[in-house]
Amino acid sequence: MTLVEVNLDGIVGPTHNYAGLSLGNLAATANAGRPSFPRAAALEGLAKMRANVRLGLVQGVLLPHRRPNDVWLAELGTDAGEAQSLWAASASASAMWAANAATVSPAPDTADGRCHLSVANLVTMPHRSHEWPETLAQLRLAFAHPAFAVHGPVPPPFGDEGAANHMRLSERHGETGVEVFVYGESGGPFPARQHRQASAAVARRHGVDALFVRQSDEAIAAGAFHNDVVAVANERVLFAHEQAFADKVQFYDALRARLPCVEIIEVPASALSLADAVASYLFNAQLVTLPSGGMALILPSEAQENNRVWRWLEALVAGNGPIRRLVPVNVRESMANGGGPACLRLRVVCDPATVDRRFLVDGVRLDVISRVIEAHWPERVGPEEHRTLGAWPAAENARRALLEALDLVELTYT
């Protein structure tokens, strides 16, 4: 069995909008109330997937959820027509950020030799707290093979936000690795979304011997609401901001003791501030191993537009280090809502032959998805329309058309 990294990107749903619901996510709150462009957002995501396929990476998708979530509203004793105060939370397309879908421990790391996935509970933010049932249904379908174990969420009140606060390092993807769970405690005015208790629960159920590392208060206060805004790892490489962790010396020493081959690339605060990191989403990149050898950073185009960030990156790849290529991508609609290339994908190290083929894509499958989006996704949704959309039947019809096109109609009412 050959184990490789499969990236599953969330398809941006037809209700993509800017409601500013995510406290601590500076981009999301700064852009609250502006018009959104769901069709463009979804097509930007598809373009990123196409670029990954051209790089030779294995690419998959996760599907938009039913939005507005009428089941959630009914449990609150209301519906989309009368609950304007809850409407935005029920209509959020935030499931597009698949890095928060689950935490994944590949088979070489686990006690029973299976790949374990635990769906994230996302309890800290109301608009995301009702995602997990639909995410769980998709994961159980995509990873129904006996090679996987798919778990439900960690119970509240312990907040778990999935792979965005989890890193795995190994000499190669298919070898035993070191799993790192990053948790928060204080973020000044902002909540710490990943609780240590939740991370420990996931590690226990997956049967992994993990490192638990505290994110720095400064990073959370600067807008790094998830660890993947200030750090990213791939195989033996950790790429991180100097101020990402509360006690970096202890963390680095523990990591080197467990994985002597690790290469730590640290961006000093004197070169790039936390503000630069958060504004450019430099670290919210996909750090990937190319089939031809070497690693590439798949970055938001905003990183290229920040002169300080881009000069530092150009010097990095000009050296003799493991990161050899920079690949800017345009995901501006997602970035304006606080999610970059890494937010949009869930990484699963596995044998692709064990994944339900309907969740994997190539150029032809991406063409099918693109045609559905161009035909059914709204071009523009303005804040003035939110009060009149109610149950938003056009969004439900758009989602149904996508599920039919991908032969995944069993997900229609999950």
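Before reading further, recall that the structure is shown in the block above.
Residues numbered from 1 in each chain as written. Predicted model: local features only at pLDDT ≥ 70, side-chain atom pairs only at ≥ 80, totals over all residues. Heavy atoms only, no water.

With respect to the packing of aromatic side chains
Working definition: an aromatic ring pair is given by the centre-to-centre distance plus the angle between the planes. This structure, assessed with the given rule, holds seven aromatic pairs. Note on Phe-245 and Phe-251: the rings are 4.8 Å apart at their centroids and 70 degrees apart in plane angle, and the pair reads as edge-to-face. When its relative accessible area of 4% is taken as the criterion, Phe-245 is described as buried. Grouping aromatic residues by their ring pairs yields a cluster made of Phe-239, Phe-283 and Trp-312. (Phe/Tyr/Trp six-rings, centres within 6.5 Å; stacked < 30°, edge-to-face > 60°. Buried < 20%, exposed > 50% of the residue type's maximum accessible area, 1.4 Å probe, protein only.)

Remarks on the environment of Gly-45
Mapping Gly-45 onto the fold places it in helix H2 (residues 38–54). In this structure the C-alpha to C-alpha distance between Gly-45 and Pro-383, which are 338 residues apart in sequence, comes to 23 Å. (Helix = DSSP H or I, 4+ residues; strand = E, 2+ residues; numbered from the N terminus.)

A few points about H2
Over its 17 residues, H2 runs 25 Å from end to end, which matches the ideal 24 Å to within 8%, given 1.5 Å per residue. Among all positions of H2, only Pro-38, Ala-41, Ala-42, Glu-44, Gly-45, Leu-46, Lys-48, Met-49, Ala-51 and Asn-52 are buried. (Expected span 1.5 Å × (residues − 1).)

Things to note about the pattern of salt bridges
Evaluated as defined, the whole model comprises 25 salt bridges. Among the salt bridges present, the one from Arg-67 reaches Glu-134, with a minimum N-O distance of 3.4 Å. One end of the pair, Arg-67, is in the loop between strand S2 (58–62) and helix H3 (70–75); the other, Glu-134, is in helix H6 (residues 132–142), and 67 residues separate them in sequence. With its nearest N and O atoms 2.7 Å apart, the salt bridge here joins Arg-308 to Asp-276. A residue pair is termed long-range when its members are at least 10 positions apart, and Arg-308 in helix H12 (residues 307–318) and Asp-276 in helix H10 (residues 274–280) qualify at 32 residues. Given a relative accessible area of 7%, Asp-276 falls into the buried group. (Salt bridge = Lys/Arg side-chain N within 4 Å of Asp/Glu carboxyl O.)

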